[in-house]
Amino acid sequence: MELKFRVAARIAKPVHEVFEAVADPAKLSNYFTTGGAKGRLETGATVQWDFADFPGAFPVWVIEVVPGEKIVLEWRANEGEAPNVDGGGLKDADYRTRVTISFKGLEDGRTLVEIAEEGWRENQGALGASYGNCQGWSQMLCALKVWIEHGINLREGMYK
């Protein structure tokens, strides 16, 4: 058994525009990283992402970027809930998972965005964490689509 998933969406904008909405931290902060993003997604960079639902900026390691085609990231895995002062939170594990975001221009002018994540250990905590990340990436695609096509921040106020 290998813990991994893939989610996808079609966005009614050209590849370059959709790619930039993910790679540019100012744009990403408009619809996904509800606490903000610092650093452009470029090969070899380490950027910071912050989310209102998981407060506290954390590092994202950018492994590879091919403009207009793909972004490969790694971030620290989590393996379920860990108590903190607020009574919730995630327990960081001592390894990383890999996220690949692929962009493909379609004949009708839209962009197909696919996000795959893999690399969890095979245990119950990691299985649960993979479900949570799958939900998060699905939300990201929905939020990207609504923001880039209609200018609406779908996640605004959702977590705080």
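Our structure is the block above this text.
Residue numbering note: each chain is counted from 1, following its sequence as written. Owing to the predicted nature of the model, reporting of local features is limited to residues with pLDDT of at least 70; listing and counting of side-chain atom pairs is limited to 80 or more, with chain, interface and lining totals taken over all residues. In computing side-chain values, all of the structure's heavy atoms are included and hydrogens and water are not.

Caption draft 1: Geometry of the pattern of salt bridges. Only one rule defines a salt bridge in this text: a Lys or Arg side-chain nitrogen within 4 Å of an Asp or Glu carboxyl oxygen. Under the counting rule described, the total for this entry stands at 9 salt bridges. Residue D108 pairs with R110 through a salt bridge whose shortest N-O separation is 2.8 Å. On the basis of relative accessible area, D108 is assigned to the exposed category, the value being 52%. Shared partners join several salt bridges into a network, and the residues in it are E20, R40 and E42. Buried residues are those whose accessible area, probed at 1.4 Å on protein chains only, stays under 20% of the maximum for their type, while exposed residues exceed 50% and partly exposed ones sit between those limits.

Caption draft 2: Geometry of the pairing of strand β1 (residues 4–11). With burial as the criterion, only one face of β1 is covered, namely that bearing F5, V7, A9 and I11; the residues K4, R6, A8 and R10 on the opposite face remain uncovered. Two strands make a pair as long as DSSP finds a minimum of two bridges between them. Helix and strand assignments come from DSSP, with helices taken as H or I runs of at least 4 residues and strands as E runs of at least 2, each series counted from the N terminus. Where β1 lies against strand β7 (residues 111–118), 8 bridges are found, and the strand directions are antiparallel. Bridged to R10 within β7 is L112.

Caption draft 3: Structural view of the environment of K13. Within the element layout of this structure, K13 appears in the loop between β1 and α1 (15–23). Overall, K13 belongs to the partly exposed group, its relative accessible area being 23%. Taking the C-alpha atoms as reference points, K13 and L112, separated by 99 residues in sequence, lie 9.6 Å from one another. Ignoring sequence-local partners within four residues, the contact set of K13 consists of V18, G109, R110, T111, I148 and E149. Should any heavy atoms of two residues lie within 4.5 Å, those residues are counted as being in contact.

Caption draft 4: Quick look at the environment of K4. Looking at the element boundaries, K4 is found in strand β1. Taking C-alpha positions, K4 is 6.9 Å from G119, a pair spaced 115 residues apart along the chain. Among residues more than four places away in sequence, those in contact with K4 are E117 and E118.

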